[in-house]
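# Commentary on secondary and tertiary structure
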Amino acid sequence: QVQLVESGGGLVQAGGSLRLSCAASGRAFSRYTMGWFRQAPGKEREFVSAISRTGSSTTYADSVKGRFTISRDNAKNTVYLQMNSLKPEDTAVYYCAADISAWDISKESYKYDYWGQGTQVTVSS
């Protein structure tokens, strides 16, 4: 069982920045592909970004490319999402997720095995 705990969400003005963190339990973190997803009110959960086990490979949704950066620190069992130039349309609950069996990073939520409880990000205009 893997427990994921997100933090760092909050209220920010458009154009501002936030850094989300996701801390994972256990000793196998470096073997997990990690992803960030988000869900806005009335919308389906959507992919934001993902990072490979070593951090050497990353991928982003087109809507956040160039503004968000995913990274990880395997020594701290933590994955980060640096969010810059935030827009009101980035408002959502952000979830981190762990894929414990993949070699490749995925944008598909069904491939992720464990999920955090989510952290709210609100961007005011």
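To keep things clear, this report deals only with the structure shown in the data block. As the structure is a computational prediction, the values presented were derived from the model and not from experiment.

### Observations regarding the environment of Gly16
- Examined against the element boundaries, Gly16 turns out to sit in the loop between strand E2 (10–13) and strand E3 (18–24).
- Assessed through its relative accessible area of 17%, Gly16 is described here as buried.
- For Gly16 and Leu86, which are 70 residues apart along the polypeptide, the C-alpha to C-alpha distance reads 5.5 Å.
- Leave out the neighbours within four places in its chain, and Gly16 touches Met83, Asn84, Ser85 and Leu86.

### Notes on the packing of aromatic side chains
- All chains considered together, the criterion is met by five aromatic pairs.
- Measuring from ring centre to ring centre gives 5.0 Å for Phe37 and Trp115, while their planes differ by 55 degrees; the resulting arrangement is tilted. With Phe37 in strand E4 (residues 33–39) and Trp115 in strand E10 (residues 114–115), this pair connects stretches of sequence that are 78 residues apart.
- The class for Phe37 is buried, based on a relative accessible area of 1%.
- Above the ring of Tyr95, the side-chain terminus of Arg45 is found at 4.1 Å from the ring centroid.
- For the cation-ring pair, Arg45 lies above Trp115, with the distance from its terminal atom to the ring centre recorded as 4.6 Å.

### Some points on the nonpolar core
- Core analysis: the biggest nonpolar cluster contains 36 residues, and Leu4, Met34, Trp36, Leu81, Met83 and Tyr94 have the highest contact counts within it.
- Secondary structure elements with two or more residues in this core: E3, E4, strand E5 (46–51), strand E7 (68–73), strand E8 (78–83), strand E9 (92–99) and strand E11 (119–124).
- In terms of residues, this core owes the most to one element, E9, which gives five residues.
- Those residues in contact with Leu4 that sit more than four places away from it in its chain are Cys22, Ala23, Ala24, Met34, Cys96, Ala97, Ala98, Tyr114, Trp115, Gly116 and Gln117.

### A short note on the sheet that holds strand E1 (residues 4–7)
- With antiparallel pairing, the four strands of this open sheet are ordered in space as E1-E3-E8-E7. Strands at the two margins of the open sheet, each flanked by one partner only, are E1 and E7. Taking each pair of neighbouring strands and ignoring which way they run, the sheet shows an average axis angle of 15 degrees.
- Relative to E8, E3 runs antiparallel, the two being bridged by six bridges.

### As for the state of the cysteines
- Scanning the entire structure with this criterion turns up one disulfide.
- Between the sulfur atoms of Cys22 and its disulfide mate Cys96 the distance is 1.9 Å. One disulfide, between Cys22 and Cys96, carries an S-S torsion of 45 degrees and so falls in the right-handed class. Pair noted here: Cys22 is in strand E3 and Cys96 is in strand E9, with a separation of 74 residues, a long-range link. Taken as a pair, Cys22 and Cys96 share a single burial class, namely buried.

### Brief notes about the pattern of salt bridges
- Inspection of every chain in the model, using the stated rule, returns four salt bridges.
- Between Asp90 and Arg67 there is a salt bridge, and its shortest N-O distance comes to 2.7 Å. In this pair, Asp90 sits in the loop between E8 and E9 while Arg67 sits in the loop between strand E6 (58–60) and E7, placing the two residues 23 residues apart along the sequence. Neither residue differs from the other here; Asp90 and Arg67 are each classed as buried.
- Through salt bridges with shared partners, a single network forms among Arg38, Glu46, Arg67 and Asp90.

About the thresholds
- Residues numbered from 1 in each chain as written.
- Predicted model: local features only at pLDDT ≥ 70, side-chain atom pairs only at ≥ 80, totals over all residues.
- Heavy atoms only, no water.
- Helix = DSSP H or I, 4+ residues; strand = E, 2+ residues; numbered from the N terminus.
- Buried < 20%, exposed > 50% of the residue type's maximum accessible area, 1.4 Å probe, protein only.
- Contact = heavy atoms within 4.5 Å.
- Phe/Tyr/Trp six-rings, centres within 6.5 Å; stacked < 30°, edge-to-face > 60°.
- Lys NZ or Arg CZ within 6 Å of the ring centre and 35° of its normal.
- Core = buried A, V, L, I, M, F, W, Y, C linked by side-chain atoms within 4.5 Å.
- Pairing = 2+ DSSP bridges.
- Axes fitted to C-alpha atoms, helices over the stretch in contact; angles between N-to-C directions.
- Disulfide = S-S within 2.5 Å.
- Salt bridge = Lys/Arg side-chain N within 4 Å of Asp/Glu carboxyl O.

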